[in-house]
Amino acid sequence: MQNELLQIEPIKAFEDNYIWLLTREGYGGCVVVDPGDEEPVIKVLKKRGLNLEGILITHKHGDHVGGVHALKKRWPEAQVYG
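Residues numbered from 1 in each chain as written. Predicted model: local features only at pLDDT ≥ 70, side-chain atom pairs only at ≥ 80, totals over all residues. Heavy atoms only, no water.

*Asks:* Got a minute to help me understand the overall build of the protein chain in this structure?
*Replies:* Secondary structure assignment for the protein chain yields three helices and five strands. Its helices and strands in sequence order give the protein chain the pattern β-β-β-α-β-α-α-β, from N to C terminus. Taken against the 2.2 N^0.38 rule, which gives 12 Å for 82 residues, the C-alpha radius of gyration of the protein chain at 12 Å falls within 12% of a compact globule. Overall, the protein chain is about 40 × 25 × 25 Å in size when its C-alpha atoms are taken along their principal axes. Going through the 82 residues of the protein chain one by one, you find that 35% of them count as buried. Within the protein chain, contacts between residues separated by at least 24 positions form 42% of all contacts whose residues are at least 6 apart in sequence. Surface exposure of the protein chain reaches about 5300 Å², of which carbon and sulfur atoms provide 55%. (Helix = DSSP H or I, 4+ residues; strand = E, 2+ residues; numbered from the N terminus. Rg over C-alpha atoms; globule rule 2.2 N^0.38 Å. Buried < 20%, exposed > 50% of the residue type's maximum accessible area, 1.4 Å probe, protein only. Contact = heavy atoms within 4.5 Å. Areas by Shrake-Rupley, 256 points an atom, 1.4 Å probe, with all protein chains shown as cover.)

*Asks:* So what exactly am I meant to see when it comes to the environment of L50 here?
*Replies:* Inspection of the secondary structure puts L50 in the loop between α1 (38–48) and β4 (51–56). For L50, a relative accessible area of 12% corresponds to the buried category. Along the sequence, L50 and G29 sit 21 residues apart, while their C-alpha atoms lie 5.6 Å from each other. Leaving out residues up to four positions away in the same chain, L50 has contacts with L21, T23, Y27, G28, G29, C30, L45 and W75.

*Asks:* Please clarify how the sheet that holds strand β2 (residues 17–24) should be interpreted in this entry.
*Replies:* Adjacent strands of a sheet pair through backbone hydrogen bonds, lying either parallel or antiparallel. Strand order in the open sheet made by the five strands is β1-β2-β3-β4-β5, with mixed pairing throughout. Looking at which strands have only one partner, the edges of the open sheet turn out to be β1 (6–13) and β5 (79–81). With direction set aside, neighbouring strand axes in the sheet form an average angle of 25 degrees. By the bridge criterion, eight bridges tie β1 to β2 in an arrangement that is antiparallel. Residue pairing across strands places I8 opposite L22, the latter belonging to β2. (Pairing = 2+ DSSP bridges. Axes fitted to C-alpha atoms, helices over the stretch in contact; angles between N-to-C directions.)

*Asks:* Help me understand the nonpolar core, please; the structure alone is not making it clear to me.
*Replies:* Generally speaking, a soluble globular protein has its nonpolar side chains buried in company with each other. Judged by nonpolar contacts, the single largest core of 17 residues is most densely connected at V32, L45, L52 and L71. Looking at this core, the elements with two or more residues in it are β1, β2, β3 (29–33), α1, β4 and α3 (68–74). Per-element accounting of this core gives the leading share, three residues, to α1. Beyond its immediate chain neighbours, meaning those up to four positions away, V32 contacts I19, W20, L21, V41, L52, G54, I55, L56 and L71. (Core = buried A, V, L, I, M, F, W, Y, C linked by side-chain atoms within 4.5 Å.)

As structure tokens, then:
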């Protein structure tokens with residue numbers, strides 16, 4: 001039986017911020033929260049073989065939305081919620 005518990009992990013971004021990665025054990029999709037920089041997200045997702053399915057934006061400051069365009073370009077099927 002698949003573990004349905006949501007796992008929330010930080011991805012370090014910039015000098016003083018985090019992008020949050022939401023996953024479930026045994027499931028290859030994920031969601032990121034406030035991806036101000038795409039590079040750390042891409043690095044973690046490639047390393048773990050995850051497919052970006054969603055992007056959650058809590059507000060529109062650059063350090064929270066700066067990576068959205070590049071992530072959508074790489075994973076065009078990912079839904080953006082804000």
